Amino acid sequence: MKSNKKTARIIGVLLLLQFIIGVLIHQFLLGPIIFVSEFLTNVAANSTQVIIAVLIGLIGSAISVGIAVILLPIFRKYSPGLALWYLGFSIIGFTISVVDNLSALSVLSLSQEYVKSGAANTDYFQIFGDVLYATRWWTHYLDMLVAFFALPVFYYILFMSKLIPRFISAWGGIAVVLMLTGIMLTIFDKATHGTEMILLLPLGLNRLFLSAWLMIKGFNSSIIFSQSTNMAKAEYNF
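Fair warning: this is a prediction, and the values are worked out from it, not measured in the lab. (Residues numbered from 1 in each chain as written. Predicted model: local features only at pLDDT ≥ 70, side-chain atom pairs only at ≥ 80, totals over all residues. Heavy atoms only, no water.)

**Student:** Kindly report on the overall build of the chain, identifying the contributing residues and their values.
**Tutor:** Counting secondary structure elements, the chain contains nine helices and zero strands. For the chain, the α and β elements follow one another from N to C terminus as α-α-α-α-α-α-α-α-α. By its C-alpha atoms, the chain is 80 × 30 × 30 Å across when sized along the principal axes. Burial analysis of the chain (238 residues in total) assigns 42% to the buried set. Taken as a whole, the chain presents about 12400 Å² of accessible surface, with 71% of it coming from carbon and sulfur. Computing the positive centroid from 14 side-chain charges and the negative centroid from 9, the chain places the two 29 Å apart. (Helix = DSSP H or I, 4+ residues; strand = E, 2+ residues; numbered from the N terminus. Buried < 20%, exposed > 50% of the residue type's maximum accessible area, 1.4 Å probe, protein only. Areas by Shrake-Rupley, 256 points an atom, 1.4 Å probe, with all protein chains shown as cover. Lys, Arg positive; Asp, Glu negative; His and termini not counted. Charge placed at Lys NZ, Arg CZ, Asp CG, Glu CD.)

Structure follows, in structure tokens:
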């Protein structure tokens, strides 16, 4: 039982850390620099900040895989197939996140060359800047879209297993639908950019609540004990 409670606390800490990293990058480090009209000059002027944001972003993405790996033995007790799907989606999400972060470094390289050139070849840099900006935009939202696929599996297993109170899992499931709605609105209509941040708020609050619950309460120990007993009986009967 103590090991399960320790596992739950580790997951809670990782979820909280991942949330903090996401807010730090998108609201303070990278978002205000790269998603603005003056990005060609802003990015070069804040190169250290961009590199730090990319490195932290990779850590945040790796945390998703780490959570899936830690939860795999527990989730497999309830649904082996979905547990593997959750791990697979997490790995794919990490891969797309790497591409997303590399695109930010490409924008940084172009920005530095633009500043070095002074006023020369402004149109040339602007064209390539627009292309890289668009690439960064699409990879960013593709990253968010791919990340979506792991979340319904995560919350469904939690809901089905009763490892945590079902209202938390249901809240997370509804929040995931709102997240997808915001992402799709922005993908098909860039004029709605910013709407997804509002629709992401319920999921962010859920992740904070879930991390706090896991760190304080842990998983439902009676459910885990019952599941382990049933598996032991099945093996004995076999």
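Following the structure, the description resumes.
**Student:** I'd like a rundown of the packing of aromatic side chains, residues and numbers included.
**Tutor:** The final tally for this structure, using the stated rule, is 12 aromatic pairs. Between the aromatic rings of F75 and Y86, the centroid separation amounts to 5.9 Å while the plane-to-plane angle is 50 degrees, which identifies the pairing as tilted. Here the residue F75 occupies a position in helix α4 (residues 47–75), and Y86 occupies one in helix α5 (residues 80–117), the gap between them amounting to 11 residues. For the ring pair W137 and Y141, a centre distance of 4.6 Å and an interplane angle of 40 degrees mean the geometry is tilted. You can see W137 and its partner Y141 sitting in helix α6 (residues 122–161), four residues apart, about one turn around the helix. Each residue in the set F75, Y86, F154 and Y155 is aromatic and connected to the rest through ring pairs, giving one cluster. Sitting over the face of the ring of F159, R166 holds its NZ or CZ atom 4.4 Å from the ring centroid. (Phe/Tyr/Trp six-rings, centres within 6.5 Å; stacked < 30°, edge-to-face > 60°. Lys NZ or Arg CZ within 6 Å of the ring centre and 35° of its normal.)

**Student:** Please give an account of helix α7 (residues 166–188) that cites residues and values.
**Tutor:** Between the first and last C-alpha of α7 there are 33 Å, a value that for 23 residues agrees with the 33 Å anticipated at 1.5 Å per step. Every buried residue belonging to α7 is among I168, S169, G172, A175, V176, M179, G182, I183, T186 and I187, and all of these are buried. Looking at the buried residues of α7, the elements they touch are α6 and α8 (195–216). (Expected span 1.5 Å × (residues − 1). Contact = heavy atoms within 4.5 Å.)

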